[in-house]
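This is what each chain is made of:
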Amino acid sequence: MEPLLTVNHLSVRLKKKGTSLVNDVSFQANSGQILGIIGESGSGKSMTCRALMGLLDPSRFLISGEALFKGQDLFKLPSKKLRPLRGNHIAMIMQNPMTAFDPVTRIGSQMVETLRAHQQSSKEQAIASITQELAKLGLDDVPRILNSYPHELSGGMLQRIMIALALLLSPELIIADEATTALDVHTQAVILEEFTAIRNAGISMIVVTHNFGVLAKLADDVVVLHDGSVVEHGSVYQIFDKPTQPYTQELLQASNLKRG
Ligand SMILES: Nc1ncnc2c1ncn2[C@@H]1O[C@H](COP(=O)(O)OP(=O)(O)OP(=O)(O)O)[C@@H](O)[C@H]1O
Ligand SMILES: [Mg+2]
């Protein structure tokens, strides 16, 4: 089967200093599967995702390599074509939920607006589906949430709102950057179940985390990043049971998850 997304030799450098942040990274994300990207803080996970989503300011960052989404190189698409692709086909759940929202617009208006920009629905229909999705993710008192400004909600609430929006857009690929980090263990379990359900419904995901436990529950394949480079890329079984690289073994030992 043709991979949904093939990343070849992706590098990201700071234009000014020439510092390399992501270095010759290649991997594939298969249709209907969850690809995990794991690595310590600063290993280049977010930079990789942001480059793929076209979120890096071209005046500051130099991107090279290719990112083939269904055969189309995302880096070669003019912004006019990239914009509708984002959200409709690829959605990203950002690591920092606070910066993802407009601080001066109520959450409800932002959600309705985003949803209606991507699919035809009345305001009432949009609110109904938003309410249903938020409740599924364990958020009660939805009317109050929709009426709030971002700063009036907790980080965990904003993270779930972002997850709900990504799910509601029903894209083909969801990139989730540390989507469950700000959540308590119970809520995290609810979200991971929801991720599994959407995967089973045929949506592909890239799940970025520094937590091997999350990947053990979710991932089909795993990419291990270190210092901006891929250390190891294999099936979740291979990575957990037969890691070939000392770095992967160290990470696993540190997480106390290595079996046997
Ligand atoms: N806006 C930025 N400008 C310049 N350098 C940056 C910027 N954001 C991140 N970096 C650098 O890029 C490298 C990779 O950072 P990145 O944010 O991708 O790490 P990460 O793996 O997502 O870490 P974390 O687990 O903490 O989220 C780091 O060296 C970081 O200092
Ligand atoms: Mg990050």
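Residues numbered from 1 in each chain as written. Chains lettered and ligands numbered in written order. Predicted model: local features only at pLDDT ≥ 70, side-chain atom pairs only at ≥ 80, totals over all residues. Heavy atoms only, no water.

(A) Structural view of the coordination of the magnesium ion (ligand 2). Around the magnesium ion (ligand 2), the protein contributes the donor atoms Ser46 (OG) and Gln95 (OE1), which lie 2.0 to 2.1 Å from the metal centre. Separated by 49 residues along the polypeptide, Ser46 in helix α1 (residues 45–52) and Gln95 in the loop between β6 (90–93) and α3 (97–100) bring together distant segments of the chain. (Donors = N, O, S within 2.8 Å, 3.2 Å for Na, K, Ca; no water. Helix = DSSP H or I, 4+ residues; strand = E, 2+ residues; numbered from the N terminus.)

(B) Representation of unusual backbone geometry. The phi dihedral of Ser170 falls on the positive side, at around 35°, and the residue is not glycine. Mapped onto the secondary structure, Ser170 falls in the loop between α7 (155–168) and β7 (173–177). Even without being a glycine, Asp227 presents a positive backbone phi close to 55°. For Asp227, the location among the structural elements is in the loop between β9 (221–226) and β10 (229–235).

(C) How the structure looks around the site of ligand 1. Looking at ligand 1, there are 14 residues lining it, with Ser41, Gly42, Lys45, Met47 and Gln95 nearest. Within the contact set of ligand 1, an oxygen atom lies 2.9 Å away from a side-chain nitrogen or oxygen of Gln95. Notes on ligand 1: free accessible area 630 Å², of which the protein chains cover 66%. Element by element, the count of residues in the shell around ligand 1 is highest for α1, at 3 residues. Of the residues in the shell around ligand 1, the class split is 4 nonpolar, 6 polar and 4 charged. (Near = heavy atom within 4 Å. Polar contact = N/O pair within 3.5 Å; in protein donor to acceptor, adjacent residues only side chain to side chain. Areas by Shrake-Rupley, 256 points an atom, 1.4 Å probe, with all protein chains shown as cover. Nonpolar A, V, L, I, M, F, W, Y, C, P; charged D, E, K, R; others polar.)

(D) Structural detail: the pairing of β6. Because side chains alternate across β6, one face comprises the buried residues Ile90 and Met92, and the other comprises Ala91 and Ile93, equally buried. By the bridge criterion, 4 bridges tie β6 to β7 in an arrangement that is parallel. Residue pairing for β7: Ile93 is matched across the bridge by Ala176. (Buried < 20%, exposed > 50% of the residue type's maximum accessible area, 1.4 Å probe, protein only. Pairing = 2+ DSSP bridges.)

(E) Broad picture of the sheet that holds strand β5 (residues 72–73). In space, the 4 strands of this open sheet follow the order β2-β1-β4-β5, with antiparallel pairing throughout. Looking along the sheet, the strands with just one partner apiece sit at the ends: β2 (20–29) and β5. Pairing geometry for strand β1 (residues 5–14) and strand β4 (residues 61–69), over 8 bridges, is antiparallel. By the bridge assignment for β4, Ser11 is matched with Ser64.

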